[in-house]
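Examining the three-dimensional arrangement
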Amino acid sequence: MQVADRLQKIPPYLFVTLRNKINKARAEGVDVINLGVGDPVDPTPQRVIDELCRQAQIPINHQYPIDEEKGMLTFRQEIARWYLKRYGVELNPDGEVLGLIGSKEGCHHFILGIVNPGDVVLMTDPGYPAYRASIYMASAEPYAMPMLAANDYFPDFDQIPPAILKRAKAMFLNYPNNPTGACATRAFFRKAVEFAKVHDIAICHDNPYSEIVFDGQERLSFLSAPGAKDVGIELNSLSKPYNMTGWRIGMAMGNKGILAALCKVKENTDSGIFNAIQYAAIEALRKEDGNIERMLKIYARRRELVLKTLEKVGLGFKPQKGTFYLWIPAPQGLNSIDFTTALFEKAAVVVAAGTAYGQHGEGYIRVSLTVPDKRLEEAMERIQKIF
Ligand SMILES: Cc1ncc(COP(=O)(O)O)c(C=O)c1O
């Protein structure tokens, strides 16, 4: 049986590879601690679960979703209120907001809605691996913009060759950034809007970590930049702020034309989100700001523990201010894979190698803070021992 050529270009998904490695070790009796995946273990707020259960009892909710692929109007209205409250961004729920089955779905359908085969899509390196995969699935060509510590983890638009710029139709940006944790500035977003206008590039700013910030970092939406809605959209998600990764619910906001294209793809692909999940999401957006504050305190505590341990073993560094990841430089003389392998073999601690996010991730590993405190403490004790 034939498998599509376009799939050959996509490397195995990082977490599938990690999962296989972990399962094998666990089957051999090893007590593996997984700091490789960003998936909150803390539960979804009870009020949100209760609303899901209540709505699931109502037969009309068992039919195709209300307003289907757009997301129900009440959900879109709540998103618009949340964006105004959290980021000061005004949105028209009719045309400027769309419900999504997670921001990952939005990344993929954005590309399918915007680019033609052979077009170039700009993305950052290191970056979230799903961008590259979606670009290949649309038979387009990724162009990796290096995102380096030396440039405060911002891509340098001036370094993009003119021949690439001519063919570039879209661009992914993502701040707070996975994997580096870097946060954007208002000035950078303004620059990105200007750049997109000059070169007629559609921006997709993927912002699922917008609420996960530390050390006084401002929460920012790309859409707060003047003119952002003329050139782009922003994706967001309930996954991280409300511990709802498994629920698969998010949103896209911004440029009406881009959203209409995304919506047309969805109309022919997924038909929207289960009503009961949308009602539960409304409860979260309306009443669970407290969950965000609670989770930030938990992550801050875990972050401090990892940073202190690294300091003790001579690997201290200055962290970036966003996401529940730490982007940690490997010790002198070790590359990403060496360091990852050493932690796994000597301490049974799994971390993500920086190179899984692109060649410019070399020299780093990514540690996730979404594990229970006790397991993180145990992991840090093991790391201290091997150093
Ligand atoms: C940058 C980035 N975008 C999107 C996603 C997917 O989020 P969602 O659960 O909303 O699909 C993730 C998840 O880890 C991510 O890191």
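The following refers to the structure shown. (Residues numbered from 1 in each chain as written. Predicted model: local features only at pLDDT ≥ 70, side-chain atom pairs only at ≥ 80, totals over all residues.)

1. Observations regarding unusual backbone geometry
Test applied: We count a stretch as a helix when DSSP gives it H or I for four or more residues in a row; a strand needs E for two or more, and each element gets its number in order from the N terminus. Exposed residues have 12 or fewer other C-beta atoms within 10 Å of their own C-beta, buried residues have 20 or more, and residues in between are partly exposed; the C-beta atoms are placed from the backbone.
With an omega of -10°, the peptide bond between Tyr 175 and Pro 176 qualifies as cis. Of note, the phi angle at Glu 68 is positive, near 35°, even though the residue is not glycine. A positive phi angle is found at Ser 271, which is not glycine, with a value near 60°. The residue Ser 271 is located in the loop between α10 (256-267) and α11 (275-287) in this model. Given 11 C-beta atoms within 10 Å, Ser 271 falls into the exposed group.

2. Quick notes on helix α6 (residues 129-137)
To be explicit about the condition: Contacts are defined on C-beta atoms placed from the backbone: any two residues whose C-beta positions lie within 7 Å are in contact.
Tyr 131, Arg 132, Ala 133, Ser 134, Ile 135 and Tyr 136 are the residues of α6 that are buried. Close packing links the buried residues of α6 with α1 (5-8), α5 (103-114), β3 (120-125), β4 (141-146) and β5 (168-173). Looking one or two places after α6, you find Ser 139, whose phi comes out positive at around 55°.

3. Focus: helix α8 (residues 186-199)
This is how it is decided: Helix span, as expected, comes to 1.5 Å for every residue beyond the first. Each C-beta atom gives one direction from the helix axis, and the arc is the one those directions make.
The terminal C-alpha atoms of α8, which comprises 14 residues, lie 20 Å apart, in line with the 20 Å expected from a rise of 1.5 Å per residue. Inspection of α8 places Phe 188, Phe 189, Ala 192, Val 193 and Ala 196 among the buried residues, and these make up the whole buried set. Burial along α8 is one-sided: seen end-on, the buried residues are contained in an arc of 140°. Turned more than 90 degrees away from the buried face of α8 sit Ala 187, Lys 197 and Val 198, all of them exposed. Structurally, α8 contributes buried residues whose contacts are with β5, β6 (202-206), α9 (228-231) and β7 (232-237). Backbone geometry just after α8 places Asp 200 at a positive phi near 55°.

4. Topic: the pairing of strand β8 (residues 250-254)
Here is the rule we go by: For two strands to be treated as a pair, DSSP must find no fewer than two bridges joining them.
Among the five residues in β8, five count as buried, and that is most of the element. Burial of the side chains of β8 extends over both faces: Gly 250, Ala 252 and Gly 254 are buried on one face and Met 251 and Met 253 on the other. Strand direction decides the pairing type here: β7 and β8, joined by five bridges, are antiparallel. Looking at β8, one finds that Asn 236 is bridged to Met 251.

5. Here's the deal with the sheet that holds strand β11 (residues 352-353)
Basically, it comes down to this: Note on definitions: angles span 0 to 180 degrees between N-to-C directions of axes, and those axes are lines fitted to C-alpha atoms, for helices only across the stretch in contact.
One open sheet holds the three strands; their spatial order is β9-β12-β11, and the pairing between them is antiparallel. Looking at which strands have only one partner, the edges of the open sheet turn out to be β9 (325-329) and β11. Here five bridges tie β9 to strand β12 (residues 364-368), and the two strands are oriented antiparallel to one another. Its bridge partner being in β12, Pro 329 is matched across the sheet by Tyr 364. Here helix α13 (residues 336-347) sits on the sheet and contacts β11 and β12; the angle it forms with β12, its principal contact strand, is near 45°.

6. Here's the deal with the environment of Leu 238
Its location among the elements puts Leu 238 in the loop between β7 and β8. With 28 C-beta atoms packed within 10 Å, Leu 238 lands in the buried category. In sequence terms Leu 238 and Met 251 are 13 residues apart; their C-alpha atoms lie 8.4 Å from each other.

7. Notes on the nonpolar core
As a reminder, the rule being used: Note on terminology: a nonpolar core is any set of buried Ala, Val, Leu, Ile, Met, Phe, Trp, Tyr and Cys residues joined through C-beta atoms within 7 Å. These domain limits were set by an automatic method or by a database of domain assignments.
Ranked by size, the top nonpolar core spans 114 residues in total, and within it Ile 111, Val 121 and Met 171 carry the most contacts. For this core, the leading source of residues is α11, giving seven residues. The two domains that each donate at least three residues to this core are domain 1 (5-43 + 290-386) and domain 2 (46-287). In this structure Val 121 touches Ile 111, Val 115, Ile 135, Ala 140, Pro 142, Lys 169, Ala 170 and Met 171, once residues within four positions along its chain are discounted.

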